[in-house]
Amino acid sequence: MTAGISTDRQQPARSSEPVPFLDISGATADVVAEVRLGWDEVLRTGQYVGGAAVTRFEQEWAQYCGTDFAVGVANGTDALHLAMRALGIGPGDEVIVPANTFVATAEAVVLAGGVPRFADVDDGTLLLTAETIKAAVTPATKAVAVVHLYGQLPDMTAISQICEELGLILIEDAAQAQGATWDGKKAGSFGAVGCFSFYPGKNLGAFGDAGAVVTSDPKLTDLMLSIRDHGRMQSAGGHYSHGVLGMNSRLDGVQAVVLSAKLRHLDEWNQQRRALMATYRELIDPERAKLVEQLEDGEGVHHLAVVQVDQRDRVRELLAERGIGTGIHYPVPCHVMGPYAQYADGPLPVAEAAAARQLSLPMFPHLSQDDARRVAEGLNEVLAELDR
Ligand SMILES: *Cc1c(COP(=O)(O)O)cnc(C)c1O
């Protein structure tokens, strides 16, 4: 590769620079000055766990999502686990989850003491549908955990309706969908609860772990505030009154400052993601790569840009050789993973086929349109080459 040095010099610098799968440094740069000011205030007051910055972010986040309340917690998995416990999910209760999701959705059901029941997904969107939910329902089903995977809501009109008909609690795993909408309504505002992760790489990300649950139920909010803080019931007498089984899942002031600062950029960043997705949709060869379909009644926020391709692992290697980073979300469906296989009830063909074919292209708001074009063209070339 020594000859590469002189070749590189003759080419325009841009085209030889690698395109990373994810780079969050641009988002950090957008907020760093405001974060430093907010952190000064946290240091001055010493309110590190909870406190004014957390309360402020909780109010802002509830308002943004169109719900009455938000409860800040330590991470997205806790948001799901804590919400499920507050909703009374326990031993013997089945919660339907998609087989194609990040493991935390199923993990939270088991942590809460429930039983995950895996449902298949639609081949176009790779999301749950009312039909795949219906196919997974049993007399023990208590809830459905819908996942807005890759930043898109499934048909929430149909899913809300089926949950209502069958008396199932609707839980939203909106960890990848901050700001996404269905029929003009925000992710997190459809279910009994909407659960968010603010892991650094999410559309709204902290400088560490963080999460939140949104709801418009005041009683559920009180219970979740108690569970996140060792089951403390302030109304029942204070600091050492532990009226319910709790856990420790509180949000830190330093993270809340970051989230408030970034929230002011979220809509603009999501808009940039949409513009990059439009470029992928325009340029990527639909005969050889199948981009995840977008449903008409929703507006996605493209946490991930996922295509389904043949020979996925080979495509990934060839893109890497061209300096294009990619990811796989997710290579193994949950119902075949070690700890969850015991809950599986037969094959789920769409999720299983997708796991072998899905590939995530670079997607973050500070990715340039030039780089998105290079990714699309690189992908087309690689796929054409493999077709020969
Ligand atoms: C990130 C993520 C979670 C878990 O969030 P953590 O903050 O990492 O615990 C849950 N569900 C989905 C779909 C996610 O993408």
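Residue numbers restart at each chain and count upward from 1, following the sequence in its written direction. Note on the predicted model: pLDDT of at least 70 is required for a residue's local features to be given, and 80 or more for side-chain atom pairs to be given and counted; whole-chain, interface and lining totals, by contrast, use all residues. For the side-chain quantities, the full set of heavy atoms in the structure was used; hydrogens and water were omitted.

Caption draft 1: Expanded view of the packing of aromatic side chains. Centre distance within 6.5 Å is the pairing criterion for rings of Phe, Tyr and Trp, where only the six-membered ring of Trp is used; planes under 30 degrees apart are then read as stacked, over 60 as edge-to-face, and the remainder as tilted. Counting across every chain of the model gives eight aromatic pairs. Note on Phe 57 and Phe 198: the rings are 5.5 Å apart at their centroids and 85° apart in plane angle, and the pair reads as edge-to-face. With Phe 57 in helix α4 (residues 52-65) and Phe 198 in the loop between β8 (193-197) and β9 (211-215), the pair connects residues that are 141 residues apart, well separated along the chain. Each member of the pair, Phe 57 together with Phe 198, is buried. Both rings, one in Phe 196 and one in Phe 198, keep their centres 6.4 Å apart while their planes meet at 5°; by these two values the pair is stacked. By the ring-pair criterion, three or more aromatic residues cluster together here, those being Phe 57, Trp 61, Tyr 64, Phe 196 and Phe 198. Numbered from the N terminus, helices here are DSSP runs of H or I no shorter than four residues, and strands are runs of E no shorter than two. Summary of the burial criterion: residues with accessible area below 20% of their type's maximum are buried, those above 50% are exposed, and those between are partly exposed, where the area comes from a 1.4 Å probe applied to protein chains only.

Caption draft 2: Helix α3 (residues 25-45), seen in detail. In a regular helix each residue adds 1.5 Å, so 21 residues correspond to 30 Å; α3 covers 28 Å between its end C-alpha atoms and thus fits that length. The sharpest bend along α3 reaches about 55° and sits at Val 32. For α3, the complete set of buried residues consists of Gly 26, Ala 27, Val 31, Val 35, Gly 38 and Val 42. Between two residues, a contact is recorded if the distance between any of their heavy atoms is within 4.5 Å. Tucked inside the fold, the buried residues of α3 contact α4 and α10 (253-283). Positive phi appears at Gly 46, one or two residues downstream of α3, with a value of about 70°. Here the expected length of a helix is defined as 1.5 Å per residue gap, with one fewer gap than residues. The angle separating two fitted axes, one through the seven residues that finish at a residue and one through the seven that start at it, defines the bend at that residue.

Geometric descriptors of this kind do not, in isolation, establish any biological role.
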